[in-house]
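Each chain is listed here by its residues.
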Amino acid sequence: MSQDVRQWLAEIKHLQHKLESAYKERDEALSSAANWRRLYETEAQQRRTETNLSQQAIADLKERLQTTQSSPLPKLTGDVPPAIAQKIASLDTLESLQQALAQALVECDRLAQALRAEQTDHDQTRKSLTAALGETVDRLAKERAAIQKGQHPH
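Residues numbered from 1 in each chain as written. Predicted model: local features only at pLDDT ≥ 70, side-chain atom pairs only at ≥ 80, totals over all residues. Heavy atoms only, no water.

**Notes on the overall build of the protein chain**
The helix and strand inventory of the protein chain stands at three helices and zero strands. Helices and strands appear in the protein chain in the N-to-C order α-α-α. Here the protein chain has a C-alpha radius of gyration of 31 Å; the compact-globule value for 154 residues is 15 Å, and the former is much larger. Here the C-alpha coordinates of the protein chain stretch approximately 110 × 25 × 20 Å along the principal axes. Looking at the protein chain as a whole, 17% of its 154 residues qualify as buried. Partitioning the contacts of the protein chain with sequence separation of at least 6, the portion at a separation of at least 24 is 86%. As presented, the protein chain carries roughly 12200 Å² of accessible surface, and 56% of it is formed by carbon and sulfur atoms. Side-chain charges of the protein chain comprise 21 positive and 22 negative groups, with the mean position of each set lying 6 Å from the other. (Helix = DSSP H or I, 4+ residues; strand = E, 2+ residues; numbered from the N terminus. Rg over C-alpha atoms; globule rule 2.2 N^0.38 Å. Buried < 20%, exposed > 50% of the residue type's maximum accessible area, 1.4 Å probe, protein only. Contact = heavy atoms within 4.5 Å. Areas by Shrake-Rupley, 256 points an atom, 1.4 Å probe, with all protein chains shown as cover. Lys, Arg positive; Asp, Glu negative; His and termini not counted. Charge placed at Lys NZ, Arg CZ, Asp CG, Glu CD.)

See below:
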């Protein structure tokens, strides 16, 4: 009879150890998932900030372009940096004005392409991080299921 009690006590201790191990693995998986989520959120915030800055730059360029197109001699305000005001003042021929406009349009197009590339990169990063997070959650679920069945997780 005491042999049976010792066996049961040994089995209980063994199961307690397995349970502690399973809890530790679960906590590690949850910590990993939280870390991935934090990294994803940081990356997403950076992408949103970059996107907003790029969109603002494009809007500013479009506004400047419309102003330039609507009036042949744009009036400068106090907001124009001196170097730009000097460059505008030096545009005394139609050819130089057209060249400056072409450069501005090229820059606007480049910024639009950069914005699209950033958006594509953001989408790819989001997909990658979401997949990694999903894999972590799936692994945690499998380990929980294995623990509930009394199996030792891999």
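**What to know about the UniProt feature "coiled-coil region" (unreviewed entry) in the protein chain**
Here, the residues flagged by UniProt with the feature "coiled-coil region" (unreviewed entry) are residues 5-32. The span residues 5-32 is 100% helix and 0% strand, and its two end C-alpha atoms sit 40 Å from each other. (UniProt positions renumbered as here; feature names shortened; annotations may be inferred.)

**Let's talk about the pattern of salt bridges**
Enumeration according to the criterion identifies seven salt bridges in this entry. Between Glu-50 and Arg-47 there is a salt bridge, with its nearest N and O atoms 3.9 Å apart. Here the residue Glu-50 and the residue Arg-47 both occupy positions in helix α1 (residues 2-70), the gap between them amounting to three residues, near one helical turn. For Glu-50, a relative accessible area of 35% corresponds to the partly exposed category. Here Glu-118 ties to Arg-47 by a salt bridge, and the two come within 2.5 Å at their closest N and O atoms. Taken together, the residues Glu-118 in helix α3 (residues 94-149) and Arg-47 in helix α1 connect sequence positions 71 residues apart. The structure contains a network of salt bridges with shared partners spanning Glu-43, Arg-47, Glu-50 and Glu-118. (Salt bridge = Lys/Arg side-chain N within 4 Å of Asp/Glu carboxyl O.)

**So, the packing of α1 against α3**
Packed helix pairs are characterised by how far apart their axes lie and by the angle those axes make with each other. Between α1 and α3, the least distance of the axes is 9 Å, while the angle of their chain directions is 165°. Taken as axis vectors, α1 and α3 run roughly antiparallel relative to one another. The element α1 and its partner α3 pack so that their crossing is left-handed. When the residues that make up the contact of α1 with α3 are grouped by side-chain class, the tally is 24 nonpolar, nine polar and 13 charged. (Axes fitted to C-alpha atoms, helices over the stretch in contact; angles between N-to-C directions. Parallel < 35°, antiparallel > 145°, perpendicular 65-115°, else oblique. Left-handed = near helix turned anticlockwise from the far one by under 90°. Nonpolar A, V, L, I, M, F, W, Y, C, P; charged D, E, K, R; others polar.)

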